[in-house]
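Coordinate analysis (summary)
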Amino acid sequence: MIFRDKAIVCACEDVTVHDIDDAIVRGLGDIENLKRYTGLGTGPCQGKSCLVGATRICAERARLPQEALVPFRSRPPASPTSMAAYAGAPLEALPPPFATEEKRNRAHPLRPISSLPERADVVIIGGGIMGLALAWNLAGSGAGSVLVLERGYLCEGASGRNGGGVRAQWTTPTLIELAKESIDFMGRFAQELGINIWLRKGGYLFLAHDKETVGRIEKSAELQNRHGLSTRIISPGEAGDIVPELDTRKFLAASWHPDDGVVFPWPFLWGYADGARKRGAQVETFTSVTGLEVAGGRVRAVQTDRGRVVADRVVISSGAWSPSVARLAGVALPNKPQRHEIVSSEPMKPFLGPLVSMLGTGLYFSQSMRGEIVGGMGDPDEPDGLNQTSSLRFMTRYSRALTELIPRCGSVKLLRQWAGCYDVTPDHSPILGETPGVAGLLQMSGFVGHGFMMAPAVARRMSAWMGGAKDDLFERFALSRFAEGRLEKETFIIG
Ligand SMILES: Cc1cc2nc3c(=O)[nH]c(=O)nc-3n(C[C@H](O)[C@H](O)[C@H](O)COP(=O)(O)OP(=O)(O)OC[C@H]3O[C@@H](n4cnc5c(N)ncnc54)[C@H](O)[C@@H]3O)c2cc1C
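Since the model is a prediction, treat every value here as computed from it, not as a measurement. (Residues numbered from 1 in each chain as written. Predicted model: local features only at pLDDT ≥ 70, side-chain atom pairs only at ≥ 80, totals over all residues. Heavy atoms only, no water.)

Considerations on the packing of aromatic side chains
For the coordinates displayed, the defined rule picks out 14 aromatic pairs. Where Trp198 meets Phe264, the ring centres are 5.4 Å apart and the plane angle is 35°; that geometry is what we call tilted. Placement of Trp198 in the loop between α7 (173–193) and β7 (204–208) and of Phe264 in the loop between β10 (261–262) and α10 (265–278) is noted, with a sequence separation of 66 residues between them. By relative accessible area, which is 30% here, Trp198 ends up partly exposed. Note on Trp465 and Phe474: the rings are 4.6 Å apart at their centroids and 15° apart in plane angle, and the pair reads as stacked. Here Trp465 falls in the buried class, since its relative accessible area comes to 17%. The rings of Trp136, Phe185, Phe189, Phe268, Tyr272 and Phe452 are connected pair by pair, giving a single aromatic cluster. Taking NZ or CZ as reference, Arg167 lies 3.7 Å from the ring centre of Trp170, over its face. The ring centre of Phe477 lies 5.0 Å from the NZ or CZ of Arg476, which sits over that ring. (Phe/Tyr/Trp six-rings, centres within 6.5 Å; stacked < 30°, edge-to-face > 60°. Helix = DSSP H or I, 4+ residues; strand = E, 2+ residues; numbered from the N terminus. Buried < 20%, exposed > 50% of the residue type's maximum accessible area, 1.4 Å probe, protein only. Lys NZ or Arg CZ within 6 Å of the ring centre and 35° of its normal.)

Concerning the site of the ligand
The immediate surroundings of the ligand are formed by 38 residues, with Glu150, Ser159, Gly165, Gly451 and Met453 found nearest. Between the ligand and Gly165 there is a distance of 2.8 Å, counted from a nitrogen atom to a backbone nitrogen or oxygen. At 3.1 Å from a nitrogen atom of the ligand is found a main-chain nitrogen or oxygen belonging to Gly449. Bound to the protein, the ligand loses 96% of the 1,000 Å² it would expose on its own. At the level of elements, α6 (129–139), β15 (336–345), β19 (413–424) and α13 (451–466) are the ones that each hand at least two residues to the shell around the ligand. Residue composition of the shell around the ligand, grouped by class: 16 nonpolar, 18 polar and 4 charged. (Near = heavy atom within 4 Å. Polar contact = N/O pair within 3.5 Å; in protein donor to acceptor, adjacent residues only side chain to side chain. Areas by Shrake-Rupley, 256 points an atom, 1.4 Å probe, with all protein chains shown as cover. Nonpolar A, V, L, I, M, F, W, Y, C, P; charged D, E, K, R; others polar.)

Some details on the pattern of salt bridges
All told, the structure shown has 24 salt bridges when counted by the stated rule. Close ionic contact of Glu382 with Arg339 constitutes a salt bridge, the shortest N to O distance being 3.2 Å. Taken together, the residues span a long stretch of sequence, with Glu382 in the loop between β18 (373–376) and α12 (392–405) and Arg339 in strand β15 at a distance of 43 residues. For Glu382, a relative accessible area of 9% corresponds to the buried category. Among the residues examined, Arg339 registers a relative accessible area of 8% and is labelled buried. Each of Asp379, Asp381, Arg393 and Arg397 takes part in salt bridges that share partners, so that together they form one network. (Salt bridge = Lys/Arg side-chain N within 4 Å of Asp/Glu carboxyl O.)

Rendered as structure tokens:
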């Protein structure tokens, strides 16, 4: 039996029968959860050799309903394909991005049959990084009973699909300070929450392709220096010393901050979820919020596909879905969802220290602790919409941009692509705090492409503010600013 438990199921990611049993005990015995909890199926073979065995073990031991015993969604490309092949694809002949909306009408097969509590002091809608970090902070601060409702598995939204980049190189004092506090906290995450989030401080290297952008990074570096960051503007030659493979003719200067880095998104979420539960919060997955009851100018209750929960305070932290959730209370949010695609390569020996981003095209890429190059690139033609599909157009644009900058990457094979949604507000700043006209309904959304790196600080401050602390963050970033015409200074978005 001991030998059987040590048997390897996923050879690429070293996942044993014992690891799967452990996940099952934690209620993570369905394949999508198992993949995100153990890493099973995310290596070079992309699940080809482990999926059947893992599904069989789950079928035997996890006692899931038959309809939940489905393999994970396979990701394109069907087989590892070199960047040179993608870069040579006829981009002009490929279809432009088009708007699609997700279809999700039926209850999830893993929806629990147990009932929810009849009331909670705080209900948090959305179990992404924002909702979970807030739950952990609130549960540790005597805020009463805290209930997180997540319609899918943990890591289902943008928080489970992002590049894990964390940087303090920002262009406003507020964002610099939020990111500094968050990255500091990530360094202590393992002590505080008992899980390794693989923080690797390899720095961030922003490349400026024209004079105007050089002027912008110079101004930002001065601001960052005033806030204690060691950001430096460096020449292409110095950037080439940091990443020798770069074609230094492709940019004029670079902004370099060695203390920025990358984390692995999945354990970051698990850490907050486990920590929140240990502090007494209830985190309910596969549970959709379907209605919000408002009466007498305040929120009264949340309706779900598992019944109704009375609550005086309800937080909307539903990422790109926040406008549709707010609409349930008759509230209009200005956020627009926008697809953002991302891809991971085969693993390689470490060669790339920092996360590199080419300003202008929005290309960014870094090397993960597992050796893969993980990167993305926004598309100016991307329409708004809750679209999480993957495209060949992205693979071609990304491969062209990356191989122009690092020609040697042409022979690197791309293994797995996916997509998530940025939650974009008109001024690219979040929406936090009170909702005009609906007391008790609180907003925590609009984090565009940088919510992951802001979450620890934003959640700590939101929890303190909900406990009565004064904090001007919740005035400045209030929903009312859009009606009052006092938008924030726009920050640039990567990707
Ligand atoms: C491809 C990509 C790359 C990115 N790269 C970075 C990066 O490098 N660094 C960085 O800091 N940020 C990055 N981001 C942005 C970052 O991921 C987000 O800002 C952050 O994860 C937002 O967290 P959230 O909790 O607000 O939203 P989400 O993580 O989307 O969570 C919202 C949750 O609400 C749930 N939900 C929706 N409707 C309902 C309902 N009716 N009932 C119950 N639950 C519901 C959803 O299922 C979802 O899990 C990236 C994003 C993408 C898509």
